[in-house]
Amino acid sequence: MHRYSFLRYLWTLLLGGWLATACTNPTDRKPAGLIDEGEMAGILTEVHIAEARVSRLSLTSIDSSQVAYKHMEKQIFKKFGVDTAAYRKSYIFYSSHPANMEVIYKQVTKNLQKKIDAENAKRSKKP
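Residues numbered from 1 in each chain as written. Predicted model: local features only at pLDDT ≥ 70, side-chain atom pairs only at ≥ 80, totals over all residues. Heavy atoms only, no water.

A. Geometry of the side chain of Ser90. Along the polypeptide, Ser90 turns up in helix H4 (residues 84-95). For Ser90, a relative accessible area of 0% gives the class buried. Reaching out from Ser90, the side chain makes a polar contact with the backbone oxygen of Ala86 at a distance of 2.8 Å. Filtering out sequence-adjacent residues up to four positions away, Ser90 remains in contact with Gly33, Leu34, Ile35 and Met40. (Helix = DSSP H or I, 4+ residues; strand = E, 2+ residues; numbered from the N terminus. Buried < 20%, exposed > 50% of the residue type's maximum accessible area, 1.4 Å probe, protein only. Polar contact = N/O pair within 3.5 Å; in protein donor to acceptor, adjacent residues only side chain to side chain. Contact = heavy atoms within 4.5 Å.)

Structure representation (C-alpha cells):
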C-alpha cells in the first residue's frame, strides 16, 4: 500500500514541477558545471527517499521536518560529491527541458522500483 501512495506522490510532484516550469523560457545552452542526467537521477532518487523518511517521522513541527530533511539532503550531496548550487542549477536546467527531465524521472522510477523490490525480497526471506 505504501508503494502505490509513494508512486502517486512522486508522479504528483513530477507533474507539479513540470507545470511550474512550463511557463518559463528555457535556455538551450547547457550551463557549466551541470550534473549529468545519470547522476541527477541518482541524487533525485535519494532525495525522494529522504522526503518519504521525513514524512514517516510524524514530526509535529514543520520546522523539525525541515531540519531533518536538510540534514539528510546534506548527506546526499556529500555522498554524490555535489554542492547545493550545482544541484539547484542542474535541477532548474532540467526542469526547463521536459524531455531531459522525463528521461531522468524514468530512471528515478526504475531506481525506486529496484529498491522496493529489494526490500520486498528481503522481507520475504525473513521467517
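There's more to say after this.
B. Up close: the pattern of salt bridges. What the rule picks out here adds up to five salt bridges. For Glu46, the salt bridge is made with Lys79, and the minimal N-O distance between the two is 3.7 Å. On the criterion of sequence distance, the pair formed by Glu46 in helix H2 (residues 37-56) and Lys79 in helix H3 (residues 62-80) is long-range, its members being 33 residues apart. On the basis of relative accessibility, which here comes to 17%, the residue Glu46 falls in the buried class. Classification of Lys79 by relative accessible area gives exposed; the value is 58%. Glu46 is paired through a salt bridge with Lys115; the nearest N and O atoms lie 3.6 Å apart. Pair noted here: Glu46 is in helix H2 and Lys115 is in helix H5 (residues 98-125), with a separation of 69 residues, a long-range link. Judged by relative accessible area, Lys115 falls into the partly exposed class, the value being 40%. Beyond isolated ion pairs, a larger network of salt bridges with shared partners links Glu46, Lys79 and Lys115. (Salt bridge = Lys/Arg side-chain N within 4 Å of Asp/Glu carboxyl O.)

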